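# Structural overview for review
Single-letter residue listing:
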Amino acid sequence: MKKSDIYYEAMKARDHRFDGKFFVGVKTTGIYCRPICPAKPKKENVEFFHSHLEAEKAGYRPCLRCRPESAPQSPAWVGKSAIVQRAVKVLNSQESLEFNEDEFAALFGVSARHLRRLFIEEIGKTPKQLSFENRLNLARKLIVETSLPITEVAFAAGFDSVRRFNDSFKDRFKKAPREVRRQKNVIGDALHITLPYRPPFDFEGLINSYKNHRVGALEWFTDNKMLRVIALGGKVGTVTISDDPDRSALLVEIDYPDTSMIHAIISRVRNLFDLDSDPVIVANCLEVDKDIKKILKSYPGIRLPSGWDPFEVAISAILGQLVSVERGRALVADLIELAGKDSGLVLNETRIKLFPTAQDILSCDLQSLKTTGARKQTLLEFAKALAEKKISLEPTQDVELFLKNIQNLRGIGPWTAHYMALKVLRHTDTFPATDLILARALEKHRQLKLEQLSPWKGYVAALFWRNYTHKLTKNRSSKKKGPRYGKSTT
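What comes next is a walk through the structure. (Residues numbered from 1 in each chain as written. Predicted model: local features only at pLDDT ≥ 70, side-chain atom pairs only at ≥ 80, totals over all residues. Heavy atoms only, no water.)

## As for the overall build of the protein chain
Stated formally: Runs of H or I in DSSP of at least four residues are treated as helices and runs of E of at least two as strands, each being numbered from the N terminus. C-alpha atoms define the radius of gyration in this analysis, and the globule rule sets the expected value at 2.2 Å times the number of residues to the power 0.38. To sort residues, take the accessible area from a 1.4 Å probe on protein chains only and compare it with the maximum for the residue type: under 20% means buried, over 50% means exposed, and anything in between is partly exposed. Throughout, a residue-residue contact means that at least one pair of heavy atoms, one from each residue, lies within 4.5 Å. Surface accessibility in these figures is a Shrake-Rupley result with a 1.4 Å probe; residues are shielded only by whichever protein chains are displayed. Positive charges are assigned to Lys and Arg, negative charges to Asp and Glu, while His and the chain termini are left out of the count. We put the charge of a Lys on NZ, of an Arg on CZ, of an Asp on CG and of a Glu on CD.
The secondary structure content of the protein chain amounts to 21 helices and 11 strands. Here the C-alpha radius of gyration of the protein chain, 23 Å, is about what a compact globule of 490 residues would show, namely 23 Å. Counting only C-alpha atoms and orienting by the principal axes, one finds that the protein chain spans roughly 70 × 50 × 50 Å. Counting every position in the protein chain, which comprises 490 residues, the buried fraction comes to 53%. In the protein chain, 66% of the contacts between residues at least 6 apart in sequence involve partners at least 24 apart. For the protein chain, the exposed area adds up to about 23200 Å²; of that, 48% sits on carbon and sulfur atoms. Averaging the coordinates of the 79 positive side-chain charges in the protein chain and doing the same for the 58 negative ones gives two points 4 Å apart.

Pasting the structure below:
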């Protein structure tokens, strides 16, 4: 069967597994759609594209009904060269609406002029143009899915002038903002939006992981929902995340006083729940090992757990060295109470403190923190190195260099470094082999050849934690003393 035939059958079935993996250009209308669009054009009237950028380069405009800009991003990122693929990925996940060409190009070690040339050659648009389109895509999402006033939408999308916003919006979508507005039921003051994903989706596994590693009183869980206190741009609010499997989407409720931070909040939720992962691509790679294939059947749609904030995850990793998950979680809560600033919120009859910044930790007396002196010193050295920009938690950096630099700090060994690379940098090919559970899982899978599972070894780690945490920790106390692994984690 030809690929075009497969795509057409997937389009007719409105199969969510293909959402964002290809787009459908309709020759008779000049628009392009997601494969889950309710429209069903005839086969002779369509052509298929690997990305929305290819469709727009061919002259098609985005569908107003299915909104192609809302599709999950493709893991086979647009572009031929590695640098363009990485840059497009960063553009699609960046938190800031501001865009500086020179600073962006520097992330990839090239000049802005060189990066512009690569982008124009490969996808027909510059990084600045893509960043601008992402702002307009956010605006259309807010107009269609929320009751936020148009002026507030313009502000949330980074526009200072409503007139310029209206002109830019109409130029991209061929209709004025008010023409695409849909009537929405207003529920309280919060914004309610949807974030699509490709099924299958192991939402339960992610929720269990975040429950086990919850960050003090900043996170809590109820009725299969995750609720989180958030602090961005000097203001505080909350975000609530739940699953809607029938629509293959997360339901996100944002209660935040500053609309200019909506883009950053959405970006963090996408990363927190690994929404742009393609479970089919991951499974096709991992299933070359028959034992992994068997485990994967129990947990289809495995996702890579991380955390709301990279700094929080890194500090939690340091406090979790060589202790149980429960003890590590308690130490994180103690550090927040000791060094965190008052958020001004009272939730569940508890006055909430924010997670301390690097500077908060450096200026705090950690003497009463009930961990070892060596670990306290590691906390201080890590915070100082970050404050002085000797290390970075930026995901675009070279991972091997990060591992080398981070292990130059006293008290940070292979487990902590690789754990950070996996969960802080979200490097999908990292496997923290010295982790207690992962080390024991490897003993059960002696024939496993990890290198064959690149670039998704991180998903093997997530799968092992999901499958073996409770099974392999039961006999921990009966084991003879052996190597000092990192803590057991899920």
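## Notes on the sheet that holds strand S3 (residues 46–49)
The criterion, for reference: If DSSP finds at least two bridges between two strands, the strands pair.
Strand order in the open sheet made by the 4 strands is S3-S1-S2-S4, with mixed pairing throughout. Edge positions in the sheet fall to S3 and strand S4 (61–62), since each has one partner strand and no second. Note that strand S1 (residues 23–26) and strand S2 (residues 31–33) share 3 bridges and pair antiparallel. Bridge pairing links valine 24 to cysteine 33 in S2.

## Here's the deal with the side chain of aspartate 278
Note the cut-off: N or O atoms closer than or at 3.5 Å make up a polar contact, with two conditions inside protein: a donor-capable atom paired with an acceptor-capable one, and, for residues adjacent in sequence, both atoms drawn from side chains.
Relative to the helices and strands, aspartate 278 resides in the loop between helix H11 (262–272) and helix H12 (279–286). At a separation of 3.1 Å, a polar atom in the side chain of aspartate 278 contacts the side chain of lysine 21.

## With respect to the sheet that holds strand S5 (residues 191–196)
Our working rule: Only the stretch in contact is used when a helix axis is fitted, and all axes are lines through C-alpha atoms; the angle between N-to-C directions ranges over 0 to 180 degrees.
Taken in spatial order, the 5 strands line up as S5-S9-S8-S7-S6 in an open sheet, and their pairing is antiparallel. Each edge of the open sheet carries a strand with a single partner, namely S5 and strand S6 (219–222). On average, adjacent strands in this sheet sit at an angle of 25° to one another, irrespective of strand direction. With 7 bridges connecting them, strand S7 (residues 225–232) and strand S8 (residues 235–244) associate as antiparallel partners. Bridge pairing links isoleucine 230 to glycine 237 in S8. Lying over the sheet, helix H10 (residues 203–212) contacts S6, S7, S8 and strand S9 (249–255), oriented at roughly 135° with respect to S6. Relative to S5, H11 is tilted by about 40°, and along the sheet it contacts S5, S7, S8 and S9.

## Side note on helix H15 (residues 325–339)
Heads up, the rule is: Expected span, for any helix, means 1.5 Å times one less than how many residues it has. Summarising the geometry, the arc corresponds to the directions from the helix axis toward the C-beta atoms.
Helix length check: H15 (15 residues) gives 21 Å between terminal C-alpha atoms against 21 Å at 1.5 Å per residue, within 8%. All buried positions along H15 are accounted for by Val325, Gly328, Leu331, Val332, Leu335, Ile336 and Ala339. For H15, the angular spread of the buried residues around the axis is 140°, confining them to a single face. Buried-residue contacts for H15 involve H10, helix H14 (310–319), strand S11 (350–353) and helix H16 (358–362).

## Describing a positive patch on the surface
Selection criterion: Like-charged residues within 9 Å of one another, or nonpolar side chains (Val, Leu, Ile, Met, Phe, Trp, Tyr) within 5 Å, are grouped into patches, provided each residue has over 30% relative accessible area and no salt bridge. Each reported salt bridge corresponds to a side-chain nitrogen of Lys or Arg within 4 Å of a carboxyl oxygen of Asp or Glu.
On the surface, a cluster of positive charge is made up of Lys290, Lys293, Lys294 and Lys297. We classify lysine 293 as partly exposed; its relative accessible area is 35%.

## A word on the packing of aromatic side chains
Convention followed: Any Phe, Tyr or Trp ring, taking Trp's six-membered ring, that has another such ring centre within 6.5 Å forms a pair; planes under 30 degrees apart are called stacked, those over 60 apart edge-to-face, and the others tilted.
Evaluation of the coordinates by the stated rule reveals 23 aromatic pairs. With a centroid separation of 6.2 Å and an interplanar angle of 90°, the aromatic rings of phenylalanine 311 and phenylalanine 355 are classed as edge-to-face. Taken together, the residues span a long stretch of sequence, with phenylalanine 311 in helix H14 and phenylalanine 355 in the loop between S11 and H16 at a distance of 44 residues. Under the relative-accessibility criterion, phenylalanine 355 is labelled buried at 11%. Judged by centre distance (6.3 Å) and plane angle (85°), the rings of phenylalanine 431 and phenylalanine 464 are edge-to-face. Here phenylalanine 431, found in the loop between helix H19 (414–423) and helix H20 (436–444), pairs with phenylalanine 464, found in helix H21 (residues 457–473); they are 33 residues apart in sequence, far enough to count as distant. Classification of phenylalanine 431 by relative accessible area gives buried; the value is 8%.

## What to know about the environment of threonine 146
Structurally, the position occupied by threonine 146 is in the loop between helix H6 (127–145) and helix H7 (150–156). Placed 37 residues apart in sequence, threonine 146 and glycine 109 show a C-alpha to C-alpha distance of 39 Å. Polar contacts involving the side chain of threonine 146 include one to the main-chain carbonyl oxygen of leucine 142, which spans 2.5 Å.

In short, geometric facts, not functional conclusions.
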